[in-house]
Amino acid sequence: MDAAMVTALGALLASPLAAAAAIYGSRGASRAAREGGVLNGYDSLTSRLAAERDKAEQDQAAAEAKVATLELEVARLRLLVTQLGGTP
């Protein structure tokens, strides 16, 4: 075999290897991008859930304060009914 034949065979063997490496590299880049998107989505989701939890806790505190106010009003009205001679 002469040098030209060895070079041609080397090129024929190297090209499928280069193509396989390019495909594998592309898959790796796609996978990394996809996983990065998933992580960003997870961070966004946890941020939204934390904000909803905080709002729910504030709403619960406001509702509990309103219940306490209404219970005091009911007690006041029962006392007033009793003072006027009725039965609550």
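These numbers were taken from a predicted model, which means no experiment stands behind them.

Calculation rules
Residues numbered from 1 in each chain as written. Predicted model: local features only at pLDDT ≥ 70, side-chain atom pairs only at ≥ 80, totals over all residues. Heavy atoms only, no water. Helix = DSSP H or I, 4+ residues; strand = E, 2+ residues; numbered from the N terminus. Buried < 20%, exposed > 50% of the residue type's maximum accessible area, 1.4 Å probe, protein only. Areas by Shrake-Rupley, 256 points an atom, 1.4 Å probe, with all protein chains shown as cover. Salt bridge = Lys/Arg side-chain N within 4 Å of Asp/Glu carboxyl O. Patch = residues over 30% accessible without salt bridge, like charges linked within 9 Å, V, L, I, M, F, W, Y side chains within 5 Å.

Colleague: Requested: an account of the overall build of the protein chain, with residues and values cited.
Modeller: Per the secondary structure count, the protein chain includes 1 helix and 0 strands. Evaluated residue by residue, the protein chain yields a buried proportion of 0% over its 88 residues. Split by element, the accessible area of the protein chain, about 7600 Å² in all, is 66% carbon and sulfur.

Colleague: Mind laying out the pattern of salt bridges, listing which residues take part and the relevant values?
Modeller: Tallying each qualifying case throughout the model produces 3 salt bridges. Here Asp-59 and Lys-55 are joined by a salt bridge, their closest N and O atoms 3.0 Å apart. Here the residue Asp-59 and the residue Lys-55 both occupy positions in helix α1 (residues 3–83), the gap between them amounting to 4 residues, near one helical turn.

Colleague: Account for a nonpolar patch on the surface, with residues named and values stated.
Modeller: On the surface, Leu-77, Leu-80 and Leu-84 cluster together to form a nonpolar patch covering roughly 290 Å² of accessible area. Along the chain, Leu-84 falls in the segment after α1.

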